[in-house]
Amino acid sequence: MFEVSEIIFIAVALIVAAGFQSFTGFGFSMLCTPILTLALDDVQTAVLLLVIPAWFAAGSAAFTL
């Protein structure tokens, strides 16, 4: 389904977005969705790739509160 280069790019985009959210407290999907949409040329795939990581990012932020 995905090539190795796409998987690496997705992983880097998720790590950058998670770092941004841990620094500011918000913005995981706001930062990562446009990057993945441009890279994969498909909005539905980009959103599906972000659902579970976004839940984990928000859950970990809420758990510390």
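Described in the following lines is the structure provided in the data block. Everything numeric here is computed off the predicted structure, so don't read it as measured data. (Residues numbered from 1 in each chain as written. Predicted model: local features only at pLDDT ≥ 70, side-chain atom pairs only at ≥ 80, totals over all residues. Heavy atoms only, no water.)

## Looking at the overall build of the protein
Piece 1. Looking only at helices and strands, one finds 3 helices and 0 strands in the protein.
Piece 2. Its C-alpha atoms give the protein a radius of gyration of 12 Å, near enough to 11 Å, the size a compact globule of 65 residues would have.
Piece 3. Viewed in the frame of its principal axes, the protein has a C-alpha envelope of about 40 × 20 × 15 Å.
Piece 4. Taken over 65 residues, the protein has a buried fraction of 25%.
Piece 5. Sequence separation of 24 or more characterises 42% of the internal contacts of the protein that already satisfy a separation of 6 or more. (Helix = DSSP H or I, 4+ residues; strand = E, 2+ residues; numbered from the N terminus. Rg over C-alpha atoms; globule rule 2.2 N^0.38 Å. Buried < 20%, exposed > 50% of the residue type's maximum accessible area, 1.4 Å probe, protein only. Contact = heavy atoms within 4.5 Å.)

## Structural notes on helix α3 (residues 43-64)
Piece 1. With 22 residues, α3 should reach 32 Å at 1.5 Å per residue; the first-to-last C-alpha distance of 31 Å fits that figure.
Piece 2. If you look at α3, its biggest bend is around 35°, right at V51, and the proline P53 turns up within four residues after that.
Piece 3. Every buried residue of α3 is listed here: T45, A46, L50, A54 and A57.
Piece 4. Where α3 is buried, its residues meet α1 (4-24) and α2 (28-40). (Expected span 1.5 Å × (residues − 1). Bend = angle between axes of the 7 residues up to and from the residue.)

## Concerning unusual backbone geometry
Both trends apply: most residues other than glycine have a negative phi, and most peptide bonds are in trans.
Piece 1. Unusually for a residue other than glycine, D41 sits at a positive phi of about 60°.
Piece 2. Looking at where D41 falls in the secondary structure, it is placed in the loop between α2 and α3.
Piece 3. On the basis of relative accessibility, which here comes to 70%, the residue D41 falls in the exposed class.

## Remarks on the nonpolar core
Piece 1. Listed in full, the 12 residues of the largest apolar core are I10, A13, L14, A17, F28, C32, L36, L40, A46, L50, A54 and A57.
Piece 2. When residues of this core are traced back to their parent elements, those giving at least two are α1, α2 and α3. (Core = buried A, V, L, I, M, F, W, Y, C linked by side-chain atoms within 4.5 Å.)

## Digging into a nonpolar patch on the surface
Piece 1. A surface patch of nonpolar side chains, about 370 Å² in accessible area, is lined by V4, I8, V12 and V16.
Piece 2. Within the fold, V12 resides in helix α1.
Piece 3. Its relative accessible area of 45% is what places V12 among the partly exposed residues. (Patch = residues over 30% accessible without salt bridge, like charges linked within 9 Å, V, L, I, M, F, W, Y side chains within 5 Å. Areas by Shrake-Rupley, 256 points an atom, 1.4 Å probe, with all protein chains shown as cover. Salt bridge = Lys/Arg side-chain N within 4 Å of Asp/Glu carboxyl O.)

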